[in-house]
Amino acid sequence: MTDTAFFNSRNIIGVPQRGAPRIAGTAVAFTEHRYDQREVAEALTEFAEPGFMRFANTSGVEHRNLALPLDRYPTMSGFTEANAAYLEVAVELGEQAVRRALDAAHVRPGEVDAIVTVSSTGVAVPTIDARIASKIGLRPDVKRIPLFGLGCVAGAAGLARMHDYLRGFPDHVAVLLSVELCSLTLQRDDTSIPALIGVCLFGDGAAAVVGAGANRIPAGLPVPRGPRVLATRSTLFPDTVDVMGWNVSSSGFQLVMSRDVPKMADDHLGGEVRSFLADHGLTTADIATWVCHPGGPKVLDAITNAVGIPSDRLRHSWESMRDNGNISSVSVLDVLNRTVAATPPEGSLGLMLAMGPGFSFELLLLGW
C-alpha cells in the first residue's frame, strides 16, 4: 500500500498526505542491576510509614533495573555523588540505546543529522548527547537539541519535536535519546508520600528512537517497520505547576506528585484526545493501537476511563510498568518499542500519549 493510498483509505482530513517522517528504529537499554519489587521495598523500609509494603505490593511493578547496585544507595552522601553517578551511567546507557536503535534502523552513525536528548533526573553540562557523540561516531556538525524539565511527558514531547525537525528537513535522519535514572533522586531523609510513591514506582533506563524524513528511505534497504508520525498536539494547562515536578534544593531533586494527577486525566484527557482526533476526521474507534505512558495503576485506569477504551488496549503499558516500573520519559518509548515489535497491521492507526509537569499532555497520531 502506498503512502497516498494509506491516507486516502483512512480519509484522514487535516493531516498532510505527504512528508510524514517515519520511525525507523527503536531500542531500550538497562543496567545489569535488576531487582524484584520486594527487594527494593525491603531495602528502603527504614524510611517507610506503615502500609508502605502493602502499597509496594499493589503498585503493579514486579521488577526494576536500577542505576547502581541496591546496597550502594544507603551509602550515598548526597546530590554531588548522586549526580556524578548519573553522568557515568547515563552516558553508558545512552550510548547503548542509540547504537541499538541505529542498528535496528540500518543507519550508520555518520548519517545522523540531529539528536534530541531528554532527561530530567540529573544535570549534565555538556549534555549527554555531547558526551556520547564521538563515542558513537556522530558527525561534528550534528545538530544537538537537549531538552530538560519535561519529566514523564518528555518521551512523547521529544518524539514530537523530532517530527517537527524532520518535517522541515525531509532528507535528514534524527535520533531521540531519553535517559532517566530516577533512583538517583532518592533522598534518604524524605519520607513524604510522593517520595514513598516514587520508591515503589520508579525505575531506571534509557531508550532511543531513530526517525527518518519522508525522503530518507535508502534504496535497497527494507522499509522500516515503525509507524509514520502523522500529527502532534501539545497542551499546557495554566496554574498547574504544583501538580508534578521537582523541588530542587541543595540536597537534590525532591519529587512533587499531587493526588490530582489521575484527576487531570479524568477531567481533561478525554476531551483533548477527542478534539485532537476530530481535527483529522477521526474518533477513538479509529485507533487500533494505544501507546500510553505507564505513570502508575491509577494513571492507566484514569486513561482508560477518560478515553473510553478497555483496559486490555493498554496491554503494552501495563507490561512495561510490571517489568520496569515507571522510568519517567523512557517508559512511553519502551511501550513504543514493544508496540513496534508486535507489528500492528498495515494501514492501522495508533495514538501515543503522555502526561507531565506543567501540567501538560502530549499527543501523537501514528500510522502504520
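Residues numbered from 1 in each chain as written. Predicted model: local features only at pLDDT ≥ 70, side-chain atom pairs only at ≥ 80, totals over all residues. Heavy atoms only, no water.

> How would you sum up the overall build of the protein chain? Please name residues and give values.
Within the protein chain one finds 11 helices and 13 strands. Residues counted as buried form 58% of the 368 residues belonging to the protein chain. When contacts within the protein chain are restricted to residue pairs at least 6 apart in sequence, long-range pairs at least 24 apart make up 80% of them. As displayed, the protein chain offers around 14800 Å² of accessible surface, 52% of which is attributable to carbon and sulfur atoms. (Helix = DSSP H or I, 4+ residues; strand = E, 2+ residues; numbered from the N terminus. Buried < 20%, exposed > 50% of the residue type's maximum accessible area, 1.4 Å probe, protein only. Contact = heavy atoms within 4.5 Å. Areas by Shrake-Rupley, 256 points an atom, 1.4 Å probe, with all protein chains shown as cover.)

> So what's going on with the pairing of strand β5 (residues 143-148)? Residues and values would help.
Pairing analysis gives six bridges linking strand β4 (residues 114-119) to β5, with the strands arranged parallel. Following the sheet pairing, V118 is matched in β5 by L147. A crossover connection joins β4 to the parallel β5 through helix α5 (residues 128-136); in handedness this β-α-β unit is right-handed. (Pairing = 2+ DSSP bridges. Right-handed = clockwise from strand over helix to strand, strands pointing away.)

> Please give an account of the pairing of strand β12 (residues 349-356) that cites residues and values.
Note on strand geometry: in a regular strand, side chains alternate between the two faces of the sheet. Of all eight residues in β12, eight are buried, a share of seventy percent or more. Of the two faces of β12, both are covered, the one formed by L349, L351, L353 and M355 as well as the one formed by G350, M352, A354 and G356. Two strands pair when backbone bridges link them, and strand β11 (residues 289-292) and β12 are joined in this way by four bridges, in the parallel orientation. What sits directly across from T289, in β12, is G350. Of the strand pairs in this sheet, β12 and strand β13 (residues 360-367) are connected by eight bridges, and their pairing is antiparallel.

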